[in-house]
Amino acid sequence: MSTVDWSHPAEGPVPVPELGARPDAPVPAVLALGANLREPAQTLDAAVAALSALPHITDVRASPRAVTAPVGGPPGQPDYLNQVVTLRTDLAPWELLAVAHRLEQDHHRRREVRWGARTLDVDVIAYGDVRSDHPDLTLPHPRAAERAFVLLPWLWLDADATLAGTPVADLAAVAADAPGVRRQEPERHRLLAGTDDVVPLRPARPDALGREAT
């Protein structure tokens, strides 16, 4: 019998009231997606589509994808596909983390090895102006400012993006892993007139929060 603990903090109750509070109006949030097992491109397609269909999440935009060499973790891993998604939501931060975890579960993510290969990884990078030092949900993400595989796709999507008040362009310029990140050539079906391979998605209806997002 396996003794691996598949649980994730977002499956439990909110640890502090601030992370469980819903905003009065939708706030911008940033997620980082990555995959390097099975069919990463199809996995990222499915994850972005699922986000765009969820209630309480609107204005979903997906960045061009980056092909990146693995950073840390066991040797011999295949390259990753990485992508940044921006959105607006009136979910609480903890609820958005639960959405991220549910997406990982739907794609059979397993947390056996730190920084190991994975079918899908979804990180909450930023949530409005919220700052949190709780270990289960640190906001902004504590390592995003150093990760070119997050910063470069985000910059490709939004040249004016900032992270905790610092331009993402400035952070990307000094990120140590930048040489291992290259922009994936856009697939023909993704090209939209005048928009390169940035894919704006149809906002979801603001219906009541379903079970899929809790």
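Model, not experiment: these values are computed from the prediction.

Here is what the cut-offs are and how they apply
Residue numbers here run from 1 along each chain, matching the order of that chain's written sequence. Selection of residues for local features in this predicted model requires a pLDDT of at least 70, selection of side-chain atom pairs for listing and counting requires 80 or more, and totals for whole chains, interfaces and linings are taken over all residues. Based on all heavy atoms of the structure, the side-chain values leave hydrogens and waters out of the count. Between buried and exposed lies partly exposed: a residue is buried under 20% and exposed over 50% of the maximum accessible area for its type, with that area taken using a 1.4 Å probe on protein chains only. Helix and strand definitions here come from DSSP, where helices need a minimum of 4 consecutive H or I residues and strands a minimum of 2 consecutive E residues; each element is numbered from the N-terminal end. Only strands joined by at least two bridges in the DSSP assignment are considered to pair. To form a nonpolar core, buried Ala, Val, Leu, Ile, Met, Phe, Trp, Tyr and Cys residues must be joined to one another through side-chain atoms within 4.5 Å. We call two residues contacting when some pair of their heavy atoms lies within 4.5 Å.

## Quick notes on the pairing of strand E4 (residues 80–89)
- E4 sits mainly inside the fold: nine of its ten residues count as buried.
- Here strand E1 (residues 27–35) pairs with E4 via nine bridges, running antiparallel. Bridge pairing in E4 places Leu-31 opposite Val-85.
- Sheet topology note: the strand E2 (residues 57–62)/E4 ladder contains four bridges and is antiparallel. The partner of Ile-57 across the bridge, within E4, is Thr-89.
- Pairing between strand E3 (residues 66–68) and E4: three bridges, direction antiparallel. Within E4, the position partnered with Val-67 by the bridge is Leu-81.

## Regarding the nonpolar core
- Of all hydrophobic cores here, the largest spans 32 residues; its most connected members are Leu-31, Leu-33, Leu-51, Ile-57 and Val-85.
- If you list the elements that add at least two residues to this core, you get E1, helix H2 (40–53), E2, E4, helix H3 (93–106), strand E5 (121–127) and strand E7 (137–139).
- Among the elements that take part in this core, H3 stands out by supplying six residues, more than any other.
- Excluding anything up to four places from it in sequence, Val-85 contacts Ala-29, Val-30, Leu-31, Leu-33, Val-48, Leu-51, Val-60, Arg-61 and Ala-62.

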